[in-house]
Each structure stands twice: as C-alpha cells, then as structure tokens.
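A closer look at the structure
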Amino acid sequence: MALLKVKFNQKKRVKLAQGLWLMNWFSVFAGITVFSMGLFLKIELRKRSEVMDNAESHFVPNSLILMGVLSCAFNGFAGKICYDSLDPTKFAKWKPLLKPYLALCFLFNILIFFVALICFLMRGSLESTLAHGLKNSMKFYRDTDTPGRCFMKKTIDMLQIEFKCCGNNGFRDWFEIQWISNRYLDFSSKEVKDRIKSNVDGRYLVDGVPFSCCNPSSPRPCIQYQITNNSAHYSYDYQTEELNLWGRGCREALLHYYTSMMSSMGAVILLVWLFEMSVMVGLRLLHTSLESIANPEDPECESEGWVLENSLKDTFKSTLESLKKIGKFNQVEADAEGAQGEEGGKTPAITTVS
C-alpha cells in the first residue's frame, strides 16, 4: 500500500505546482538567511580567535555557509522544475532527473538536521576550546614588547570590559600567573626580590588583577591590588565586596554568548529543515502524480500521487534486498576477476618428444 496516496485532477496539480514554486523561492531566501547566519557566526568567532585553543569551533559556521549555498542551489533548481511542470511538454525533459534529484534532496535534509543538532551539541567542545585558549592567552598578557603577542594585553582587556568578566574561571586566575611585565618591575626593590625568590619558577606573582577586571558600578574606587588583604584597605572585606570586581569568569561569559547564539541558529535551522521536508514531500507528490497520468495526451485526466510506492516496512525490505544484491554482484565480479587472473598466471606445460 502506497504511503500518503492522494488523488489529483488537473486543477489540483496546477495548484500544487504553483504552491511548490512559491515555497521553493521562500526556501531560497531561507538559504540566504542560513548563509548569512554562518557568515556572522564565523566573523564573531574570528574576533575571539586569539583566546580559542583550536579551529574546531569553525565547523558550525562553515557548515551553515555550505548548507545556505546548497539550499539556494537545490531550491532554485526545484523552482524551475515546478514551473515547467505546468506544461507537460516541458516537464518531460525533467522526468529522468527527478528520482536522483529527490534522493539528493533526502540526503541534503539529513545534513540540515545534523547541522541543527550540532548547533545544540557544540557546547562541550566550545567550552574546552575556550578554557585552554583563555588560559594560554592570559600567560601572554605581559608580553607587550614581544612581536606577535604585543596585542594580547589589549585583546584581553577589551574582552573583560565588553563581557564584564575577569580571568578564565574568575579573578583568582590572575593570582597564578605573572601578568606584569618585567619592564615595569624595579628589581632593586626588596619587595620585588622577595616575591620572585618566594616563587619556584621565579615569577612575580601578586594578589592583583588588571584594571579591566574592575566593575565601574562599584560604589568605591576599584581595588585591584592586595585584593585578599583586608588590612590594606579601609572598611574592606574581599569576601563580601562583590561589586568591586567582575565575579564571572570570561570562559563562562563567552560560552553563554556563543551557545545562546548557536541555539537560536539551531532553532532557525530546524524550522528551515521542516520547510525543506514539506517541499520535498510536495515535489514527490507532484512527480508521481504527473508520472501516473494514464493518458499523457489528456492532461485533464485524474491521476494519483504518493510519497512512497509501498509502505515504510516494504520499502525498507526492498532497499535492504537491493543493497544485498549489489554486494553479491560485486563479490561475483571480484571472484571472476580473481579466476581470470589465476588462469592468466598459469603457463601451459610443454612436453618434448625425443
């Protein structure tokens, strides 16, 4: 029994073709939207490429850009088919191409659904990328005189100001690295010498943070040095002074920014996928309804259209049988080639009669 079997007359076939033509051009605009989203996400990721560990995160925008281009191509081609289907003589040239085209549409819709899922599931990979990238970038904060890394201080400062964050996981991350350049340290000072000697790696570590960690909403001037020393500041308790510095780490802030963006894009991609699926089903109905016309010379006669010629179960069985036949055919060919090779390798015995 055919799946989604529908009876059509000439009027219904024309309406279906016109509706599909319109839907395909809507899909072209949807493809442009998907392409634009991928381009925007790629630009946003490139802005923070210095604080990311690898380029894995660009898989999503690259996929969106590819899906957008393919959507425009597929739906533009389908729109032409739907327009020509209004004229049976023009539609005849598309008949041999429709089955392969519908198979490609099916694979394309699987890819769209896969990309939509990736948009929702990218959080884990992105979190790891940001965690390692930010940790390594913070180590280069002090290298303002080193070629190739002199921009890192500005990048991190702008990042912390824009996203209202501090450090990787929090402001204490700055306590574990030397973020003040040696150029601005007085090595004749006893305090500097003692701090460097007290550290195994010979680094100048302080319980302080860069100015970009300061919260301008704080009612008091920013305390960025001796943060954990209550006695160094009047009426101060670092455990309760929550407004003095940004409390959220930049990893969390960036992760929330990008995942919310990707989740919104994933929702849009799912809507596009549903729209593309409906277009593919409609095109299949149009294709079968035009093929099943009993008398091609009488375009006004009734016909039947369907999505699958048999039920899902029967279609699945026939597909498996076809795959098995292909496998057996390849095996027979390989065995035949092997036999021919063996026969060709044999040398005929020559007997000499004396």
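Predicted, not measured: the structure shown is a model, and the values here were computed from it. (Residues numbered from 1 in each chain as written. Predicted model: local features only at pLDDT ≥ 70, side-chain atom pairs only at ≥ 80, totals over all residues. Heavy atoms only, no water.)

Structural notes on the packing of aromatic side chains
Put simply, the rule reads: Stacked, tilted and edge-to-face are the three classes applied to pairs of Phe, Tyr and Trp rings, where Trp contributes its six-membered ring and a pair requires centres within 6.5 Å; stacked means planes under 30 degrees apart, edge-to-face means over 60, and tilted covers the rest. Helix and strand assignments follow DSSP, with helices taken as H or I runs no shorter than four residues and strands as E runs no shorter than two, numbered in order from the N terminus. Buried residues are those whose accessible area, probed at 1.4 Å on protein chains only, stays under 20% of the maximum for their type, while exposed residues exceed 50% and partly exposed ones sit between those limits.
Counted by the stated rule, this structure contains eleven aromatic pairs. With 4.9 Å between their ring centres and 45° between their planes, phenylalanine 113 and tryptophan 273 make a pair best called tilted. With phenylalanine 113 in helix H4 (residues 95-121) and tryptophan 273 in helix H8 (residues 250-291), this residue pair connects regions lying 160 residues apart in the sequence. You can call phenylalanine 113 partly exposed: its relative accessible area is 32%. Seen from their ring centres, tyrosine 141 and tryptophan 179 are 6.2 Å apart, and the 70° between their planes marks the pair as edge-to-face. Here tyrosine 141 is found in the loop between helix H5 (123-139) and helix H6 (152-163), whereas its partner tryptophan 179 is found in the loop between H6 and helix H7 (190-197), with 38 residues between them in sequence. Of the residues examined, tryptophan 179 reaches a relative accessible area of 8% and is grouped as buried.

Overview of the environment of glutamate 302
Which entries qualify depends on this criterion: Contacts were defined at the residue level, with two residues in contact if any of their heavy atoms lie within 4.5 Å.
Mapped onto the elements, glutamate 302 comes out in the loop between H8 and strand S2 (303-305). Through-space distance from the C-alpha of glutamate 302 to that of arginine 13 is 9.5 Å; in sequence the pair is 289 residues apart. Residues within four places of glutamate 302 in sequence aside, it is in contact with Phe8, Asn9 and Arg13.

Section: the UniProt feature "transmembrane region" (unreviewed entry) in the protein chain
Where we set the bar: UniProt positions are given in the numbering used here, feature names are shortened, and annotations may be inferred rather than shown by experiment.
The feature "transmembrane region" (unreviewed entry), as given by UniProt, occupies residues 20-41, 62-81, 101-122 and 255-275 in the numbering adopted here. Helix and strand shares over residues 20-41 are 100% and 0% respectively, and the end C-alpha atoms of the span are 31 Å apart.

Comments concerning the nonpolar core
Selection criterion: We define the nonpolar core as a collection of buried residues of types Ala, Val, Leu, Ile, Met, Phe, Trp, Tyr and Cys that are connected through side-chain atoms lying within 4.5 Å of one another.
Judged by nonpolar contacts, the single largest core of 53 residues is most densely connected at Leu41, Val60, Leu64 and Leu254. For this core, the elements supplying multiple residues, two or more each, are helix H1 (10-47), helix H2 (59-84), H4, H5, H6 and H8. Top element by residues in this core is H8. It accounts for 15 residues. With residues up to four places along the chain from it excluded, the contact list for valine 60 reads Leu41, Ile118, Cys119, Met122 and Met262. Within the second largest apolar cluster, 24 residues are counted, among which are Ile156, Phe175, Val209 and Cys214.

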